[in-house]
Amino acid sequence: NQDIHRKKSGMSESQLMKFFDFDESDLRTNKNGRISARQMKSLKFEDASSNALARKVGIVLLVGSFGSITLLWNALASDGSLFGLAGCLAPILIGAFFLHIGLRKTGFTLAKTEGRTNIVMETDYSPTLKRDETRVILHIGESAFEIESEAAGFVFQGDPYIVHYVNETGAILSIEK
């Protein structure tokens with residue numbers, strides 16, 4: 001009976017490593033309270049990708065706003081009308097916001113939670129997609145993580161786990177029994 005449990009546990013640990021993309025070295029580094037160099041490289045790449053999109057949206061909105069500024073300036077000069085001020089300022093403010101997000105540097109800190117797992121499936125109707133969307137939520141300790149449904153096949157309900165994750169994003173870096 002213990003051999004079966006050991007095989008089940010070993011299989012689950014290798015599946016966890018593969019699914020959450022970490023290895024023994026990453027786990028050892030996480031246990032020591034740090035994010036591994038490999039994990040940090042991946043986090044910075046993901047952050048840079050999302051920041052690049054925010055920068056592009058911000059720049060497009062700001063550049064597009066210059067035409068509105070010219071129209072507003074002409075309207076104010078000709079008859080003093082403030083009509084369209086909100087329509088001109090909104091893209092400028094939104095563009096500045098996206099540009100600010102795109103230029104920020106994200107710091108990543110490691111957090112840890114431990115406890116018995118509670119896996120919950122939540123189904124909500126998405127009016128945009130016009131269908132039900134199912135999410136799998138992994139509750140461990142005081143924390144909750146949205147995970148892919150495949151992961152629920154090798155994270156066992158009620159078993160104790162330790163999860164090392166990024167405090168700012170909630171991304172799971174490593175998980176162990």
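Note: the structure precedes this text.
Residues numbered from 1 in each chain as written. Predicted model: local features only at pLDDT ≥ 70, side-chain atom pairs only at ≥ 80, totals over all residues. Heavy atoms only, no water.

For the chain, the helix and strand inventory stands at four helices and five strands. Listing each helix as α and each strand as β along the chain from the N terminus yields α-α-α-α-β-β-β-β-β. Residues counted as buried form 29% of the 177 residues belonging to the chain. Long-range contacts, defined here as pairs at least 24 residues apart, represent 58% of the contacts in the chain between residues at least 6 apart. Total accessible area on the chain is roughly 11600 Å²; 59% of this is exposed by carbon and sulfur atoms. (Helix = DSSP H or I, 4+ residues; strand = E, 2+ residues; numbered from the N terminus. Buried < 20%, exposed > 50% of the residue type's maximum accessible area, 1.4 Å probe, protein only. Contact = heavy atoms within 4.5 Å. Areas by Shrake-Rupley, 256 points an atom, 1.4 Å probe, with all protein chains shown as cover.)

With that settled, the discussion passes to unusual backbone geometry. Note: most peptide bonds trans; most residues except glycine with negative phi. Even without a glycine there, the phi angle at D21 is positive, about 55°. With respect to the helices, strands and loops of the structure, D21 is situated in the loop between helix 1 (2–19) and helix 2 (24–31). Positive phi is not limited to glycine here, since K130 has a value of about 55°. With respect to the helices and strands, K130 occurs in the loop between strand 1 (110–126) and strand 2 (131–140). Under the relative-accessibility criterion, K130 is labelled exposed at 64%.

With that settled, consider helix 2. Since the α-helix turns once every 3.6 residues, residues separated by three or four places project in the same direction. Turning to helix 2, its buried residues are D26, L27, T29 and N30. End-on, the buried residues of helix 2 take up no more than an arc of 160°, which puts them together on one face. Of the residues in helix 2, the exposed ones pointing more than 90 degrees away from the buried face are R28 and K31. Phi turns positive one or two residues past the end of helix 2, at G33, with a value near 85°. (Arc of directions from axis to C-beta.)

Looking now at the pairing of strand 1. As judged from the seven bridges shared by strand 1 and strand 4 (residues 160–166), these two strands associate in the antiparallel manner. In the strand pairing of strand 4, G115 is matched with Y161. Where strand 1 lies against strand 2, ten bridges are found, and the strand directions are antiparallel. Each bridged residue has a counterpart across the sheet, and for D124 the counterpart in strand 2 is E133. (Pairing = 2+ DSSP bridges.)

Turning to the environment of V60, a few remarks are in order. Inspection of the secondary structure puts V60 in helix 3 (residues 37–79). Overall, V60 belongs to the exposed group, its relative accessible area being 59%. Measuring from C-alpha to C-alpha, the distance between V60 and G95 comes to 7.5 Å, with 35 residues separating the pair along the chain.

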